[in-house]
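Notes for the structure review
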Amino acid sequence: MKRVILFLFMVAALTASAQTDSTQTFSFGYLSYEAALKSMPEFATVQQQMAELRSQYLAETKRVEDEFNRKYEEFLEGQRDFPRTILQKRQTELQELMEKNILFKEKSHEELAEAERQALAPLRIRLIEQLDTIGRERGYAFIYDTDTKALPYINAAQGEDINQLVQDALK
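What counts as what
Residues numbered from 1 in each chain as written. Predicted model: local features only at pLDDT ≥ 70, side-chain atom pairs only at ≥ 80, totals over all residues. Heavy atoms only, no water. Buried < 20%, exposed > 50% of the residue type's maximum accessible area, 1.4 Å probe, protein only. Helix = DSSP H or I, 4+ residues; strand = E, 2+ residues; numbered from the N terminus. Arc of directions from axis to C-beta. Contact = heavy atoms within 4.5 Å. Core = buried A, V, L, I, M, F, W, Y, C linked by side-chain atoms within 4.5 Å. pLDDT = per-residue confidence, 0-100. Salt bridge = Lys/Arg side-chain N within 4 Å of Asp/Glu carboxyl O.

1. What to know about helix H5 (residues 163-170)
Inspection of H5 places Asn163, Val166, Gln167 and Leu170 among the buried residues, and these make up the whole buried set. When H5 is viewed along its axis, its buried side chains cluster within an angular range of 100° and face the same direction. The secondary structure elements touched by the buried residues of H5 are strand E1 (28-31), helix H2 (33-39), helix H3 (41-78), helix H4 (84-138) and strand E3 (159-161).

Below is the structure:
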């Protein structure tokens, strides 16, 4: 939906530009937003921090899985000897533990995604500010992110590939 709106906006801008002055040139920049983001020196630091956080979550996940497996094995070994009420109690405990483990995994995925979003937010802001500066300095009508693949063709005579320019400016 965003791609369609962006495309319609760009078509409207082109049409308005063509109608106001047929001799006026129309220019724009284009780049890979992700490549620009990944070229930032701080990106490696964020990835390192995320790897460490992911490692902590994986260690905790393994610990709770090992605990569940140990209790399940104890249950299997003793189930023939348990009275009915103890058997039911242990089954309920195992079920609750399994549900908690599943909930923990889901929550950890959400928390990791949120932590990454927050860690990358300052980098994204800096990138947007840099794109704004470059766009104003070069007189672009807009800067297009080629990662979206919404435009299969870009006229290089009217547009400028600013990947290297942006990456150099961000270093």
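2. Digging into the nonpolar core
In terms of nonpolar packing, the biggest core is built from 19 residues, with Leu123, Leu127, Leu131, Ile162 and Val166 touching the most fellow members. Where this core is concerned, the elements lending two or more residues are H2, H3, H4 and H5. Leaving out residues up to four positions away in the same chain, Leu123 has contacts with Leu37, Met40, Glu42, Phe43 and Val46. Residues Phe26, Tyr30, Phe142 and Tyr144 belong to the second largest nonpolar core, which totals 5 residues.

3. Observations regarding the confidence of the model for the protein
Summary statistics for the protein give a mean pLDDT of 87 and a share of 86% for residues scoring 70 or more. Across the protein, element-level confidence peaks in H2 with a mean pLDDT of 96 and bottoms out in helix H1 (residues 2-20) with 52.

4. With respect to the pattern of salt bridges
Across all of its chains, the model carries 12 salt bridges by this definition. Linking Lys71 and Glu67 is a salt bridge whose minimum nitrogen-to-oxygen distance equals 3.6 Å. Pair noted here: Lys71 and Glu67 are both in helix H3, with a separation of 4 residues, about one helical turn. For the salt bridge of Arg117 with Glu114, the shortest nitrogen-to-oxygen distance reads 2.5 Å. Residue Arg117 and its partner Glu114 are located together in helix H4, separated by 3 residues, close to a single helical turn. Accessibility expressed as a relative area gives 31% for Glu114, which makes it partly exposed. Here the salt bridges do not stand alone but share partners, grouping Glu60, Arg63, Glu67 and Lys71 into one network.

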